[in-house]
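Structural overview
For reference, the chains in residue letters:
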Amino acid sequence: MTDYLIDSPITLAKHIGQSRDLWQLKENDSGERGWQLSAPEIFSALRSPDAMESAKQFFFAPRENIFQFDGNQFRESLPAPEPFALVGVSSCDLTAIAYQDHFFRDDPHYQARRQQALLVGYECLSPCAKGFCPSVDAGPGAREGSADLVLHQLQEDQWLLRVLTDTGARALEGLVLEKAGDAAQTQRHNQIEACIEAFPDDSHIHAGIEAINSNSVAQETWDAAGIQCLSCSGCTTLCPTCSCYGTSDHTTGDTMIRERFWDSCLYDGFQREASQNNPAGAAGDRVRRFWYHKFSREFFQASDNPGPADRYGCVGCGRCEVTCPGVIGVHSMMKKITE
Amino acid sequence: MQSLVPEPIEILSGVEDGEAARHFRFRFCGQSDSNLKKWQSTRPGQFFMLSVPGAGEAPFTFTTLPNAQGEFSALVRRMGQVTGALFERKPGYTLGARGPFGHGWPVTDGDTEKVLTEKALIVGGGCGLAPLVSLVEHLINSGTPPVALVYGARTAAAQVLNPERKRWQSQLPLFDIVQQGNGCQYRGTPLDLLPEVLNQVGEPERVFLCGPEIMMHTVAEFFVQRGLPASAIWMSIERRMHCATGTCGHCYLEHQYVCKDGPTYRWDKLAPLLARSSGAGALADFHC
Ligand SMILES: Cc1cc2nc3c(=O)[nH]c(=O)nc-3n(C[C@H](O)[C@H](O)[C@H](O)COP(=O)(O)OP(=O)(O)OC[C@H]3O[C@@H](n4cnc5c(N)ncnc54)[C@H](O)[C@@H]3O)c2cc1C
Ligand code: SF4
Ligand code: SF4
Ligand code: FES
């Protein structure tokens, strides 16, 4: 596919915004960065996508209706969003979306939202605060097929616009752009290499992954972390690959709805059964399983044809460390289990 | 796509059968032929998600598999929200069902569909007899009834599936045992009774288990000690479930999801998975 040069992401946004709702990461009134609807007229300059909020809520909704029941029939409540574009998604988050696309491949609610989305990636030029995307093959360069379009800044007023999918190519129809030459590709390559070089030492991550895969972490280490974990669900909420949910029924008048909502495997009651039997009743076991889900190669599909599931469940965004420093965050935990 | 939306079923009847347990008969309402075909492909040991609108959804095993009229049965023990609400519903009431889900018992050779004729011994505990009913019936109907069925319960009053066990009396050796009280020939747990059972019927070639997990583990280990390969021992395990499509996460067992990879497991595959967690999470004793 052809790649192009573009003067500014705003030019791209103005074009895409003619046919889709535009979302970008912006500060809200209290200074927190998150995804905001941003019409073409108010679309602002893109900066590093470093934000606590990932893109997962666009596809796997924090709370949504599954069906309605009127006493006789069950009617599916499928979401029907207008076409939309997420502009400026980090490579780690793009990798997480690809991972969830596979996990929820048969989920009609996830797919109904996902099919309406155009993903425009943003490649980081320097490491974010706690990120380690290169260690888990998730960034800082966008992975093949993980976005429709990818923006990479070359100069103040020049960006490389990479086209990764047919959907991306179609989104550019009608926009006259200069084709990118080898020089732009080389510059991108060098900038990504420089960004990778700038990441701090990640030996504890690799050692932690090996310790988890060889099952050599002492139970006491998990138990100690379990005691410290408050089961607040901060990490599971922020983690772009966490996917657990619960369900509950609500009745108003003659109509009943079933909702599903984000749940957390770190909650004490996550596996508790009606008999009070609780296979995951020990906090240390829950913490172990959480990290096992992120780093065990047993989750890989091990097929001849590696797909998006043949990777670690962690994309190295570092959000869990930012929200839970010293306890269950990835750097703290990987250091503890390899000490 | 795997829908989380149930298909309507109605309650045909509910018969008391053991302490706080009721044997329900259900029927699909207005199902298309192709949909009924899907349900008729159900294998012994598979399960469905039962929706009681307003109360929620929970997994139950089929005691009789869906027939040509779309009728099927399940034995339900009253435990909490969903089962509590189910017990309040009268025949004729509309509920929902999704399924069939999971891997059932290995009753046929996967390659040839030939019925396996090994000498099968079955051990059930409490309501854990429910997933074994369709297996027992299948083996009887195929002309290779189990060499014995050992059924343990807390008390005689807690024994379930009484009509079925009565019927089986003339078809296979039955051994009932209760932990407390009278009204039964044997007192203790199935494990206590097994040496005597084996004296009478000989060593089995295949063992099927369902009941409290701790009971299944100890019985499996008992047979392994006697030289039966762990690969000849099968059990159906319980985990909390909210989707049965492998996405909600609740039923995890290491890297597996019991709703998809189970609920029946071969002991040589299951034991290593269970060994990884600390075991500090309690494994219930007979809850019924
Ligand atoms: C594969 C399978 C087959 C089963 N077959 C039978 C059966 O034939 N007969 C029978 O009486 N019971 C069976 N059970 C157990 C039955 O599902 C629980 O007793 C039931 O979920 C209790 O629901 P509740 O809403 O009344 O209890 P609550 O404690 O109010 O449970 C709330 C919710 O938690 C979940 N949950 C709680 N306990 C369990 C559990 N043990 N297993 C799965 N989900 C749970 C359910 O989603 C339930 O709706 C089976 C369980 C599994 C996993
Ligand atoms: S982890 Fe990598 S891709 Fe993600 S925000 Fe940080 S530097 Fe960018
Ligand atoms: S485990 Fe932590 S670092 Fe890894 S993807 Fe989740 S939040 Fe990011
Ligand atoms: S019940 Fe939801 S993953 Fe198994």
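No experiment lies behind these values; they were computed from the predicted model shown.

Per the secondary structure count, chain B includes 8 helices and 15 strands. Taken along its principal axes, the extent of the C-alpha atoms in chain B is 50 × 40 × 40 Å. Across the 288 residues that make up chain B, the buried fraction comes to 59%. Counted over contacts in chain B with a minimum sequence separation of 6, partners at least 24 positions apart contribute 67%.

The number of helices and strands found in chain A is 11 helices and 12 strands. Computed over its C-alpha atoms, the radius of gyration of chain A comes to 21 Å, within 12% of the 20 Å expected for a compact globule of 339 residues. Overall, chain A is about 65 × 60 × 50 Å in size when its C-alpha atoms are taken along their principal axes. Scored against the burial criterion, the 339 residues of chain A give a buried share of 56%. Taking the contacts inside chain A whose residues are at least 6 apart along the sequence as the reference set, 69% of them involve residues at least 24 apart. Summed over its atoms, the accessible surface of chain A is roughly 14500 Å², and 49% of this surface lies on carbon and sulfur atoms. Side-chain charges of chain A comprise 29 positive and 46 negative groups, with the mean position of each set lying 2 Å from the other.

This brings us to the layout of surface pockets. Taken as a whole, the largest pocket encloses approximately 1300 Å³ of empty space. Taken together, 50 residues form the lining of the largest pocket, with Ala274 of chain A together with Ala58, Pro59, Phe60 and Glu238 of chain B sitting closest to its centre. Looking at the lining of the largest pocket, the elements that each hand over two or more residues are strand E11 (245-252) of chain A together with strand E4 (56-61), strand E5 (71-77), helix H2 (81-88), helix H3 (130-141) and helix H6 (213-225) of chain B. When residues of the lining of the largest pocket are assigned to their parent elements, the largest contribution, 6 residues, is made by E4 of chain B.

Turning next to helix H5 (residues 182-197) of chain A. Residue and element names in this part refer to chain A. Taking 1.5 Å as the rise per residue, H5 with 16 residues should run 22 Å; its terminal C-alpha atoms sit 22 Å apart, in good agreement. Those residues of H5 lying buried are Ala184, Arg188, Gln191, Ile192 and Cys195. For H5, the angular spread of buried residues about the axis comes to 100 degrees, placing them on one side. Relative to its buried face, H5 has exposed residues pointing more than 90 degrees away, namely Asp182, Ala183 and Glu197.

This part takes up the site of ligand 3. Taken together, Phe132, Cys239, Pro240, Trp291, Lys294, Cys314, Val315, Gly316, Cys317, Gly318, Cys320 and Val330 of chain A form the complete shell of residues around ligand 3. Residues belonging to the shell around ligand 3 are distributed by class as follows: 9 nonpolar, 2 polar and 1 charged.

Attention now goes to the side chain of Ser332 of chain A. Residues and elements named next belong to chain A. Within the element layout of this structure, Ser332 appears in helix H11 (residues 330-338). At 2.7 Å, the side chain of Ser332 forms a polar contact with the side chain of Glu321. With residues up to four places along the chain from it excluded, the contact list for Ser332 reads Glu321, Pro325, Gly326 and Val327.

Residue and element names in this part refer to chain A. You can read the domains of chain A as domain 1 (3-66 + 78-198) and domain 2 (203-338). The gap between the C-alpha centroids of domain 1 and domain 2 is 26 Å. Taken together, the contacts link 35 residues of domain 1 with 38 residues of domain 2. Both sides of the domain 1 and domain 2 interface together cover about 3100 Å² of buried area, and 61% of this is carbon and sulfur.

Close to ligand 2 lie Ser90, Ser91, Cys92, Cys124, Cys128, Gly131, Cys133, Phe199, Gly316 and Cys317 of chain A. Residues belonging to the shell around ligand 2 are distributed by class as follows: 6 nonpolar, 4 polar and no charged.

A few words now on the sheet that holds E11 of chain A. Residue and element names in this part refer to chain A. Read from one edge of the open sheet, 4 strands run E5-E4-E12-E11, paired in antiparallel fashion. Edge positions in the sheet fall to strand E5 (74-76) and E11, since each of these pairs with one other strand and no more. For this sheet the average axis-to-axis angle between neighbouring strands, irrespective of direction, equals 30 degrees. Alignment of strand E4 (residues 63-69) against E5, held across 3 bridges, turns out to be antiparallel. Bridge pairing in E5 places Gln68 opposite Arg75.

The next subject is the pattern of salt bridges. Applying the stated criterion to the full structure yields 35 salt bridges over all chains. In this structure, the salt-bridge partner of Glu10 of chain B is Arg27 of chain B, at a minimum N-O distance of 2.8 Å. Taken together, the residues span a long stretch of sequence, with Glu10 of chain B in strand E1 (residues 7-16) and Arg27 of chain B in strand E2 (residues 21-28) at a distance of 17 residues. The closest approach of N and O atoms between Glu88 of chain B and Arg78 of chain B, which form a salt bridge, is 2.9 Å. Taken as a pair, Glu88 of chain B in helix H2 and Arg78 of chain B in the loop between E5 and H2 lie far apart in primary sequence, 10 residues in all. One network of salt bridges, with partners in common, ties together Glu64, Asp107, Arg113 and Arg260 of chain A.

All names here are of chain A. Of the residues making up helix H7 (residues 219-228), those classed as buried are Gln219, Trp222, Ala225 and Gly226. Angularly, the buried residues of H7 cover 130 degrees about the axis, an arc narrow enough to put them on a single face. The outward face of H7, more than 90 degrees from its buried face, is lined by the exposed residues Glu220 and Ile227. Where the residues of H7 are buried, they touch helix H6 (203-213), helix H9 (283-295) and H11.

Let us now look at the domain arrangement of chain B. Residues and elements named next belong to chain B. On domain assignment, one finds that chain B holds domain 1 (7-101) and domain 2 (120-276). Relative placement of domain 1 and domain 2: their C-alpha centres are 22 Å apart. The partner domain 2 presents 24 residues to the 19 residues of domain 1 that form the contact. Both sides of the domain 1 and domain 2 interface together cover about 1600 Å² of buried area, and 62% of this is carbon and sulfur. The interface formed by domain 1 and domain 2 includes 1 salt bridge.

Cut-offs and rules
- Within each chain, residues carry numbers counting from 1 in the order of the written sequence.
- Starting at A for chains and at 1 for ligands, labels are handed out in the order in which the entities are written.
- Only residues with pLDDT of at least 70 are given local features in this predicted model, and only at 80 or more are side-chain atom pairs given and counted; all residues enter the totals for whole chains, interfaces and linings.
- Excluded from the side-chain calculation are hydrogens and water; included are all heavy atoms of the structure.
- Only DSSP runs of H or I covering at least 4 residues are called helices, and only runs of E covering at least 2 are called strands; the numbering of each starts at the N terminus.
- Buried residues are those whose accessible area, probed at 1.4 Å on protein chains only, stays under 20% of the maximum for their type, while exposed residues exceed 50% and partly exposed ones sit between those limits.
- Contact between two residues is taken to exist if any of their heavy atoms lie within 4.5 Å; hydrogens are not considered.
- Throughout, the radius of gyration refers to the C-alpha atoms, and the reference size of a globule is 2.2 Å times the residue count to the power 0.38.
- Shrake-Rupley sampling with a 1.4 Å probe provides the accessible areas, and residues are treated as covered by the protein chains on show and by no other component.
- In this charge count, Lys and Arg are treated as positive and Asp and Glu as negative; neither His nor the chain ends contribute.
- Charge positions come from single atoms, namely NZ of Lys, CZ of Arg, CG of Asp or CD of Glu.
- Residues are said to line a cavity or pocket when one of their atoms sits within 4 Å of a point; the points come from a 1 Å grid over protein atoms alone, cavities being sets where a 1.4 Å probe fits but cannot get out and pockets being open sets with protein on both sides within 12 Å along at least five of seven lines.
- Grid points are joined across faces, edges and corners, and a volume is the space filled by probe spheres set on the points.
- Expected span, for any helix, means 1.5 Å times one less than how many residues it has.
- Directions are taken from the helix axis to each C-beta atom, and the arc is the one they span.
- We call a residue near a molecule or strand as soon as one heavy atom of that residue lies within 4 Å of the molecule or strand.
- Residues are grouped as follows: nonpolar covers Ala, Val, Leu, Ile, Met, Phe, Trp, Tyr, Cys and Pro; charged covers Asp, Glu, Lys and Arg; every other residue, Gly included, is treated as polar.
- Whenever two N or O atoms come within 3.5 Å, that pair is a polar contact, provided that in protein one can donate a hydrogen and the other can accept it, and provided that, for residues adjacent in sequence, both atoms are side-chain atoms.
- An automatic or database domain assignment provides the domain bounds reported here.
- The term buried area means the drop in 1.4 Å probe accessible area that two parts suffer when joined, counted for both and summed.
- Note on pairing: DSSP must find at least two bridges between two strands before they are called paired.
- Working convention: axes come from line fits to C-alpha atoms, limited for helices to the stretch in contact. Angles between N-to-C directions cover 0 to 180 degrees.
- Each reported salt bridge corresponds to a side-chain nitrogen of Lys or Arg within 4 Å of a carboxyl oxygen of Asp or Glu.

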